[in-house]
Amino acid sequence: MQSRVSSRPQEIPNLAPYFVEALSVGSEHSMALTSTGDVWVWGNNSDGQLGLGNTTIPAREPVMVSTLQGKNILQISCGRSHSAAWTAPPPPQRIPGTPVPLQLGLPSRIPAQYTSLKDCSIPSIRARLRLLHHFSDLMYASWRLLSLNPTQECQIGTYTRGVAGIIEGQLRPLLAPRVYTLPMVRSIGRTMVQGKNYGPQVTVKRLATRGKKCKPIFVQIAKQVVKMKPCDLRLPARAWKVKLVGEGADDAGGVFDDTITEMCQELQSGVAPLLIATPNATADTGSNRDRFLLNPAACSEESLSLFKFLGILFGVAIRTKKPLDLHLAPIVWKQLVGMPVTVEDLEEVDFSFVQLLRSIRDIHKSGVTEETFSEFVPLEWFEGQSADGRFVPIVPGGRSIPLTYNNRKEYVERALSFRLNEMNQQITAIREGMSWLVPVPLISLVTPRHLEQMVCGMPNISIDVLKRVVRYREVDENHHVIQWLWQALEQFTDEERVLFMRFVSGRSRLPANVADISQRFQIMRVDKVNIPPMDSLPTAQTCFFQLRLPPYSSQLVMAEKLRYAICNCRSIDMDNYMLSRNAENGNLSDTDFA
């Protein structure tokens, strides 16, 4: 066949109306797979490699291979004198609104860790699983018809029992992930701002001048963001762009990430007074001693505005898939998803308080009578201790209602009700902020644990996950420095891995789903032209999730230098010229940030 050579790209005849999904080129012939599943071939056919039957006539223009029509071709490949196409069984015909037929495996035995199923037969387990999937199918097809407002009381009846089970939470763990993930993903996708890399700009001052301290970064950004339009913040990456006053850093994503990490630290260190440690942490007893509650004393209009911004941060984390490093107690997540909390939830964060209430309620079992009641119970009025340690009335006028042996059970009920509802204002403000960016009613379908994963990602930095998303640039993955790096990270403590994560990305968490990591972790050698001395400190670009490694003499030295960098280089790089220039200009008043 006489070849035709062109130095410019040309449109291939016959394929112009189709969308080509795959293209394969052999030595003298080519194949194309279109979105319709059809295979087109052209070129030399001396050995019948075009698959056109008995003919060996070449094809100068693409010809459809009729024998492959309707075969559900997935992949094509050309060799020197042959062609290949891979097929798969056609997918079942989809009917809108109906689920795909369920296909279950045939396990030979029940895993040892599922002790509650040890007496169940495999057929009965399969039957249960089919029932659960059928329930999820029904929910997925009808969730739009349900009232998912947790504040609306639902009368339990024949047709509302299921809705009540969803709102109160008993049925949520039974739902398949698609029931609550797909509606959320589609809603976020439909409301995503297109064509913008970042939202409105906010100004942040972190460096004190003239002896005046700056306001917390959380407060600075909150005051600016809550005045914005919700529709301007619905972006896939940076909901706002951060301008740092007096610092030589342009926000290409790293500054945004770094300031969010700093805000999380402010919240958990008490710099921004919205969170408090659990009473269990204060008393050093019980569980959740490393968790935080919402501060019930922060109920002013300004404080509730800050809680609203915290909800906006939650929505940003869900929408951008960049998690927050926050350690909130389970009872907080349970209230955020709209599930009622119980005395057991309260006991998980304040064991001593619940034990005190039980001892007052059951004090008669210890032989205490009405006459001796005041000797054993130090409380005199209808007052109780709030989560932040204050003694407050548990009912209106509680300081004038005496606590007696006869009304002790009412006191216990009122005290318990007070503690279970003392964060309601703060929860409402956070949900209002979340509603700016995510469909809050759909949160009534998820479990507290799943919402925590959506907002906070994985609690620990997994080295295996980093290896799955890494990209090596100008260095081979088998290079000894690369191997030393992974060895060092494997030996790091959890705290050191968090510091490393912040050093290279500005963030302290990874998404719970690896597929949600939007940027590849890049490891590269330093510029070949300006190679630094042996055993220098590593550098990073947080905007690009990038780590630059200089040459090292040993794994021990490299680990030492890396530890020094992540522990001492926690802030965005600052340019001295920018510092002096901004200080001289004085365009911004300290009162804007102090």
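Small disclaimer: the values here were computed from a predicted structure and weren't measured.

Below, the discussion takes up the overall build of the protein. Looking only at helices and strands, the protein has 19 helices and 16 strands in total. In the protein, buried positions account for 43% of the 594 residues. For the protein, the share of sequence-separated contacts (at least 6 apart) that also reach a separation of at least 24 residues comes to 65%. Working note: accessible area of the protein is about 32,200 Å², and carbon and sulfur atoms make up 52% of it.

Turning next to helix α18 (residues 555-568). In this model α18 runs 20 Å from its N-terminal to its C-terminal C-alpha over 14 residues, within 8% of the 20 Å that 1.5 Å per residue would give. Among all positions of α18, only Gln555, Val557, Met558, Ala559, Leu562, Ala565 and Ile566 are buried. Contacts from the buried residues of α18 go to α16 (480-491) and α17 (494-505).

On to the environment of methionine 64. Turning to its location among the elements, methionine 64 is positioned in strand β4 (residues 59-64). The spacing of methionine 64 and aspartate 38 is 26 residues in sequence and 6.9 Å in space, taken between C-alpha atoms. If near-sequence neighbours (up to four positions away) are discounted, methionine 64 is found in contact with Asp38, Val39, Trp40, Leu52 and Gln69.

The relative placement of two packed helices comes down to the angle between their axes together with the axis-to-axis distance. Contact pair helix α4 (residues 217-225) / helix α5 (residues 254-269): the axes reach a minimum separation of 8 Å and the direction vectors enclose 115°. Contacts between α4 and α5 involve Ile217, Phe218 and Ile221 on the former and, on the latter, Thr259, Glu262, Met263, Glu266 and Leu267. A class-by-class count of the residues in the contact of α4 with α5 yields five nonpolar, one polar and two charged.

This brings us to α5. Between its first and last C-alpha, α5 extends 22 Å over 16 residues, near the 22 Å set by a 1.5 Å rise per residue. Positive phi appears at glycine 270, one or two residues downstream of α5, with a value of about 90°.

The next subject is the sheet that holds strand β13 (residues 470-473). Here four strands make up an open sheet; going across it, the order is β13-β14-β16-β15 and the pairing mixed. Of all strands in the sheet, those with a lone pairing partner are β13 and β15 (539-541), marking the two edges. The average angle at which neighbouring strand axes cross in this sheet is 20°, direction not considered.

Mapped onto the secondary structure, serine 24 falls in strand β1 (residues 20-25). Judged by its relative accessible area of 11%, serine 24 falls in the buried class. For serine 24, the side chain forms a polar contact with the main-chain nitrogen of cysteine 78, separated by 2.8 Å. Beyond its immediate sequence surroundings of up to four residues, serine 24 is in contact with Ser30, Met31, Ile76, Ser77 and Cys78.

Rules and cut-offs
- Residues numbered from 1 in each chain as written.
- Predicted model: local features only at pLDDT ≥ 70, side-chain atom pairs only at ≥ 80, totals over all residues.
- Heavy atoms only, no water.
- Helix = DSSP H or I, 4+ residues; strand = E, 2+ residues; numbered from the N terminus.
- Buried < 20%, exposed > 50% of the residue type's maximum accessible area, 1.4 Å probe, protein only.
- Contact = heavy atoms within 4.5 Å.
- Areas by Shrake-Rupley, 256 points an atom, 1.4 Å probe, with all protein chains shown as cover.
- Expected span 1.5 Å × (residues − 1).
- Axes fitted to C-alpha atoms, helices over the stretch in contact; angles between N-to-C directions.
- Nonpolar A, V, L, I, M, F, W, Y, C, P; charged D, E, K, R; others polar.
- Pairing = 2+ DSSP bridges.
- Polar contact = N/O pair within 3.5 Å; in protein donor to acceptor, adjacent residues only side chain to side chain.

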